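Inside the fold
The chain contents come next:
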Amino acid sequence: VTAKAGLYTPTDQIVLLSPDNIDSVIFNSSRSLLVEFYASWCGHCIAFSPTWKGLARDIKEWKPAVDLAAMDCAERRNRETCYNYNIQGYPTIKFFQAFSKRGSKGLHIRDVPHDVKTLRQGIVNLLESNVEAWPPACPPLEPASEVEIDNFFDSNNVEYLALIFETADSYVGREVTLDLLQYENIAVRRVLSSEQGLVSRMRVTDFPSCYLYYANGNYTRVTVNIEARSFYSYALQKLPRVARAGKPQGANDSHSKSTVDREWREFNRSRVYMADLESALHYSLRVEVAAYPEIRGEALSALKLYISVLAKYFPGRPVVMNLLQALDSWLTDYKEFKVSYSSIKAVLDNAGEVPNAVLPNEEKWVGCQGSQPHYRGYPCSVWTLFHLLTVQAAESTSSSDPLDVLKAMRSYVKNFFGCRECATHFESMAEDSMGEVTNRTTSVLWLWARHNQVNSRLAGALSEDPQFPKIQWPPPDMCPQCHSVTGGEHEWKQGAVLDFLRSHFAADRILRDHLE
Ligand code: FAD
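What counts as what
- Residues numbered from 1 in each chain as written.
- Predicted model: local features only at pLDDT ≥ 70, side-chain atom pairs only at ≥ 80, totals over all residues.
- Heavy atoms only, no water.
- Pairing = 2+ DSSP bridges.
- Helix = DSSP H or I, 4+ residues; strand = E, 2+ residues; numbered from the N terminus.
- Core = buried A, V, L, I, M, F, W, Y, C linked by side-chain atoms within 4.5 Å.
- Buried < 20%, exposed > 50% of the residue type's maximum accessible area, 1.4 Å probe, protein only.
- Contact = heavy atoms within 4.5 Å.
- Axes fitted to C-alpha atoms, helices over the stretch in contact; angles between N-to-C directions.

**Some points on the sheet that holds strand S1 (residues 15-16)**
Strand order in the open sheet formed by five strands is S1-S3-S2-S4-S5, and the pairing between neighbours is mixed. The open sheet terminates on both sides in strands that have one partner only, identified here as S1 and strand S5 (107-109). In terms of strand pairing, strand S2 (residues 32-38) meets strand S3 (residues 66-72) through seven bridges, oriented parallel. Looking at the pairing, Glu36 lines up with Ala70 of S3.

Following this line, the structure appears as structure tokens:
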């Protein structure tokens, strides 16, 4: 049995347990923990692993209250630990309440459901059943009474109190409460439809529905496309002055200029800018590739493929296209096994004097500006560039390899992308699922879905610009028709997403502000 890799990786938002960390993760922790003990060879565990990963993504905001972990009992060094926790069959799920004592074996969860929704609701039930060991970061989940709400601002120093009105059997209120637990300046409470006084005073008629209640007694209804958890959580998380705790907080809606000594360019967050795309080309070709004085073999093929898809699909200004086409034909004609960067640079700088061919020689971020110099910029432009190329390729009539753009991105990232850890992650996603892509349309959706997977992994990470939180994109206010809710669960409408991407990354919609 090779259990080396297990079924989960550190990027799954799941704590990977080993004999070295298990005790410190489980015991005396301020959060509750749900642990899956599995064996990587067991088919049932393999089948269950996407659900466990999906659950981890779904409740990643709940981490300070409850976290997920996994231990591979097939791995030799883990076996004894699994015996000590009385694990006999796989997978076994155990719940450890907050502040569990050393030696506790946890609560064995039987008849584990196999869908994210039922598992998530089960977690809410488990949290609620552990009143004596309430995780300190977990807000109250029980329904609020009219009196509590009337006196709420006497003892709570937040700007917003969000009230979710719902029936007793609904989980939406508790789920939104947990989704917001890491956010400052807001509290969420559920109110039952049976709370007659408040319901009639606020004239609430829909269950569920969400209201914002203010210290002065005023209230407003939160308008959403669909009355469901994902819509409420997104709307509340992006309220002015609400921000993820522990993040340096600039003013939420105005850019804090004091910390940035660069010119700030106003931009529309729902548009693509040519300045970012040209800056991506400049940085990748003049800075990133320049780190390799000599390019050979696989790396040279990667560079050739990258330039060829740019020459074919990049909807650039004529001068830029002339330069990319000159570089493409030069590289196509280049038959040696290796090339020196200096000869590539000569073509980039147009030493051969091709008429009207220039690649701008600077980085100028517009839609990819960060609130601080170390946020966004180049990686943002790399995503934007390749999304754009997948869409341009899907619109083209070219008969070349339908996967050319994804292959170009994969090999460019693998060979040249300066963030090496990003490259490793991206390569493993490509290895996992790029094989399922068969045509240009599914290429567009594949890259969109993988980018959202990365967004989900990076939400709350140190590299996240607090002014540009990592969200599942496009959010409901950008593309209402992309979202739907079935049985209370969020679902993407892939057809609508595809239409949206086609229009968002359309050549004739790219804004040309701030170009020389
Ligand atoms: P970005 O994620 O860069 O997105 C740029 C823009 O694209 C957004 O502003 C939005 O308009 C749009 N967008 C967002 N989501 C989607 C989507 N699903 N489909 C289409 N468009 C979308 N950073 C790490 O810390 N760890 C990593 O492992 C890592 N891996 C990376 C792998 C690759 C291939 C790349 C290009 C970048 C990686 N990064 C990684 C960087 C990270 O993903 C972000 O690019 C960076 O943090 C800047 O974030 P941002 O806020 O500008 O948004």
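Now, onward.
**Considerations on the nonpolar core**
Counting residues in hydrophobic clusters, the biggest one holds 82 residues, and the most contacted among them are Leu303, Tyr306 and Phe314. Take this core: its biggest share by element is 11 residues, from helix H14 (residues 378-395). Excluding its chain neighbours within four sequence positions, the residues that come into contact with Phe314 are Met274, Leu277, Leu281, Val309, Val320, Met321, Leu324, Leu385, Leu388 and Leu389. In this structure, Leu34, Leu55, Trp62 and Leu127 belong to the second largest nonpolar core, which totals 31 residues.

**Observations regarding the sheet that holds strand S10 (residues 219-221)**
Judged by pairing direction, the sheet is mixed, and its four strands sit side by side in the order S8-S6-S9-S10 without closing on themselves. Looking at strand neighbours, the two that pair on one side only are strand S8 (186-192) and S10, the edges of this open sheet. Taken over all neighbouring pairs, the strand axes of this sheet differ in orientation by 25° on average, direction set aside. The sheet contact formed by strand S6 (residues 160-166) and S8 spans seven bridges and is parallel.

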